[in-house]
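# Residue-level structure breakdown
Okay, here's what each chain looks like letter by letter:
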Amino acid sequence: MPWSARISWDAVRPRLRRLPPVTALVAVIALLALPLGHGGPDGAGGSGGAGGAGGAHPADVVSALAVLYCAARLVRDRRRPLTRTAAVVLGLPVLGTAVAALHAFAPGAGPAGLGRYLQVFVLVPAAVLLLVRRRGDVTLLVWSLVGLALWQGAVGVRQYATGTGASYQGEQVRAVGTFGPQDVMGMATVVSLGLVCALGLALGRGPLRPRLLAAGCALVLLAPLAFSFSRGAWIATAVACAAQLLLAGVRRALGVGAALLAAGVVLVGGFGIGSAMLQERVGSITRVADAPDRSVTDRYTMWAAATDMWRERPLTGVGLKGFPEHRDAHASLALSAGSETGGAGAAYVRQPLLSPHNMYLLILAEQGLIGLLALAGSWLALLVLGLRALRAERRARPGPGPARALTACGLLVWQLTDFVYADIGGPSTVVTAVCLGITAHWALAPAAEEVPGR
């Protein structure tokens, strides 16, 4: 090695050592800004969900490295990884997933599906819990999510304004960010979670200037969220933000809610032809029972198929990644041949419908009651423990509560609501894992150990 290179490395190495451990998680989020997210179809049962043909995104690879880095730090520092409470809550999903992996339809489906579920619901959340050591680490991670949302939102708004987005009603106006039309929900997921993070930062205790900046970010993110034309993301964001506002105080909820409603009206009303598309999309939410469109009909048909699979094997389900293999045997003739995607730099493709687009029904079909109770039990425990920690904090210091608490609770409420309309799949899934880790940090860090600066 040349002497100059050796001197440069000697100068850089101390700086690298001074970086906080949470930097590894920030790198995971930063990689999702790259225009590489043209993975396969979404859904844990499909190719893009549980590690299938869609291929691994660089963010998935770095998330695995972050888990290994966390394990290495634990060995080096000789620290106890988790307390009993944290280990039980985060380890519950392993039970049903492991059982379902044993009777997967294809030999390679079990390990692939097991790895994906462990990554999203166990390993990455545990790494976040252990690598986030101080209050500033949480703030850095949350602002990273807001920054990613702003970037993806900016790309999405440009796609809508220039007609270079994904195809929607014959026009290439659907905002998908850098994720592409194959992961049409990717940008909507990232922007929604970023908006929830920004609102949590704005509502919590802290200096006025960062709170005003966060409130401005939340308002800005309303536009790309609208142009994603994602009904599920709209509903989940509305529920999560309402929960955050109520947790921060009823009076504040009324004031901020009125401001957000006014901003939404201005944004929608000021975009000409786009308002007609948005109004039609919003109106379709209330017509899902009377006059559903093709996407809603397909979704209802797949929900019925998933329920039928569960009745066939109520305890253990049909096995990991088994939904596509058993779909035709349980679906009615109302199911279409697939969804059509195109635009945003990609050619027209008809994608097969490989998942029910409902995480609860997907787990029920593939993992049975054992898997659903294990996963849902873990999420419910996180929610209860998080709300209990927030109540204890507010008793000690009256007020709206810390920003990290409102953010963590809002992220989990968003995810639990969105799972009614979507499931894991695509590059944006790693964001779900990080957000579950932020929730776990707030709910379980006091039980795990005393974290300085909490």
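Refer to the structure presented above.
Residues numbered from 1 in each chain as written. Predicted model: local features only at pLDDT ≥ 70, side-chain atom pairs only at ≥ 80, totals over all residues. Heavy atoms only, no water.

### Overview of the overall build of the protein
Note the following rule: Each helix is a run of H or I in the DSSP string that is no shorter than four residues. Each strand is a run of E no shorter than two, and both are numbered from the N terminus. Here the term buried applies to any residue with accessible area under 20% of the maximum for its type, exposed to any over 50%, and partly exposed to those in between, with areas from a 1.4 Å probe on protein chains only. We call two residues in contact when some of their heavy atoms are within 4.5 Å.
Scanning the protein from terminus to terminus reveals 17 helices and four strands. Put simply, the protein has 454 residues, and 52% of those count as buried. The contacts in the protein between residues at least 6 apart in sequence include a share of 79% that link residues at least 24 apart.

### Description of the packing of helix H7 (residues 186–203) against helix H16 (residues 403–418)
The line we're drawing: Helix axes are fitted to C-alpha atoms over the stretch in contact, other axes to C-alpha atoms as well, and angles between N-to-C directions run from 0 to 180 degrees. Just so you know how the angles are binned, under 35 degrees is roughly parallel, over 145 roughly antiparallel, 65 to 115 roughly perpendicular, and the rest oblique. Handedness of a crossing follows from how the near helix is turned relative to the far one, being left-handed for an anticlockwise turn of less than a right angle and right-handed for a clockwise one. Classification used: nonpolar for Ala, Val, Leu, Ile, Met, Phe, Trp, Tyr, Cys and Pro, charged for Asp, Glu, Lys and Arg, polar for all others including Gly.
Packing of H7 against H16 brings their axes to within 7 Å, and their N-to-C directions diverge by 150°. As far as their axial angle goes, H16 and H7 are roughly antiparallel. Handedness of the H7/H16 crossing: right-handed. Residues Thr 189, Ser 192, Leu 193, Val 196, Cys 197, Gly 200, Leu 201 and Leu 203 of H7 form the contact with H16, whose own contacting residues are Ala 403, Leu 406, Thr 407, Gly 410, Leu 411 and Trp 414. Split by residue class, the contact of H7 with H16 holds nine nonpolar, five polar and no charged.

### Some thoughts on the pattern of salt bridges
Which entries qualify depends on this criterion: Within this document, salt bridges are pairs made up of a side-chain nitrogen of Lys or Arg and a carboxyl oxygen of Asp or Glu, the two lying within 4 Å of each other.
Applying the stated rule across the entire model yields two salt bridges. With a closest N to O distance of 3.2 Å, Asp 60 and Arg 116 form a salt bridge. Here the residue Asp 60 occupies a position in helix H3 (residues 58–77), and Arg 116 occupies one in helix H5 (residues 109–131), the gap between them amounting to 56 residues. Residue classification places Asp 60 among the buried residues on the basis of a relative accessible area of 11%. In this structure, the salt-bridge partner of Glu 393 is Arg 205, at a minimum N-O distance of 3.1 Å.

### Brief notes about the packing of helix H15 (residues 359–396) against H16
Taken N-terminus to C-terminus, the directions of H15 and H16 make an angle of 160°; their axes are 11 Å apart at the nearest point. It follows from the interaxial angle that H15 and H16 lie roughly antiparallel. Relative to H16, H15 is oriented so that their crossing is left-handed. Residues Tyr 360, Trp 379, Leu 382, Leu 383, Gly 386, Leu 387 and Leu 390 of H15 form the contact with H16, whose own contacting residues are Ala 405, Leu 406, Cys 409, Leu 412, Val 413 and Leu 416. Partitioning the contact of H15 with H16 into residue classes produces 12 nonpolar, one polar and no charged.

### Section: the pairing of strand S2 (residues 171–174)
For the record, the criterion: Criterion used throughout: strands pair if DSSP finds at least two bridges between them.
Bridge analysis of strand S1 (residues 166–168) against S2 gives three bridges, and the strand direction is antiparallel. Along S2, the bridge assignment pairs Tyr 168 with Glu 171. Between S1 and S2, which pair antiparallel and follow one another directly, the connecting turn spans two residues, one of which, Gln 169, has a positive phi of 55°.

### Considerations on a nonpolar patch on the surface
Applicable threshold: In this scheme, patches are assembled from residues that exceed 30% relative accessible area and form no salt bridge. Like charges are connected within 9 Å, while nonpolar side chains (Val, Leu, Ile, Met, Phe, Trp, Tyr) are connected within 5 Å. Every accessible area reported is derived by Shrake-Rupley at a probe size of 1.4 Å, with residue values counting cover from the shown protein chains alone.
The grouping of Val 61, Leu 65 and Leu 68 at the surface amounts to a nonpolar patch, some 290 Å² of accessible area in total. Relative to the helices and strands, Val 61 resides in helix H3.

### What about the nonpolar core?
Threshold: By nonpolar core is meant a set of buried Ala, Val, Leu, Ile, Met, Phe, Trp, Tyr and Cys residues that side-chain atoms within 4.5 Å join together.
Of all hydrophobic cores here, the largest spans 113 residues; its most connected members are Tyr 117, Phe 121, Leu 141, Met 359, Val 431, Ile 438 and Leu 444. Sort the elements by how many residues they give to this core and H15 lands first, with 14 residues. In this view, Leu 141 contacts Val 22, Leu 25, Val 26, Ile 29, Val 128, Val 132, Val 434 and Ile 438; residues no more than four positions away in its chain are not counted.

### A few points about helix H10 (residues 231–248)
Note the following rule: By this rule the span expected of a helix is its residue count minus one, scaled by 1.5 Å.
In this model, H10 (18 residues) spans 26 Å end to end at C-alpha, consistent with the 26 Å of a helix rising 1.5 Å per residue. Buried within H10 we find Arg 231, Gly 232, Ala 233, Trp 234, Ala 236, Thr 237, Ala 240, Cys 241, Gln 244, Leu 245 and Ala 248. Looking one or two residues beyond H10, the residue adopting positive phi is Gly 249, at roughly 130°.

### A word on the packing of aromatic side chains
What counts here: Here a pair means two rings of Phe, Tyr or Trp (six-membered ring of Trp) with centres within 6.5 Å. Their orientation is stacked below 30 degrees between planes, edge-to-face above 60, and tilted elsewhere.
A full pass over the atoms with the stated rule returns eight aromatic pairs. With 6.1 Å between their ring centres and 75° between their planes, Tyr 360 and Trp 379 make a pair best called edge-to-face. Overall, the relative accessible area of 22% leaves Tyr 360 in the partly exposed class.

### Here we look at unusual backbone geometry
In the Ramachandran plot, Phe 229 falls in the positive-phi region, its phi being about 55° despite a non-glycine side chain. Summarising the element assignment, Phe 229 is placed in the loop between helix H9 (222–227) and H10. For Lys 321, which is not glycine, the phi torsion reads 60° and is therefore positive. With respect to the helices, strands and loops of the structure, Lys 321 is situated in the loop between helix H13 (294–312) and helix H14 (323–330).

### Some remarks on the environment of Gly 377
Of note, Gly 377 is situated in helix H15. Here Gly 377 falls in the partly exposed class, since its relative accessible area comes to 24%. A C-alpha to C-alpha distance of 7.5 Å links Gly 377 and Leu 92, two positions 285 residues apart in sequence. Each residue touching Gly 377, except ones within four places of it in the same chain, is listed here: Leu 92 and Leu 372.

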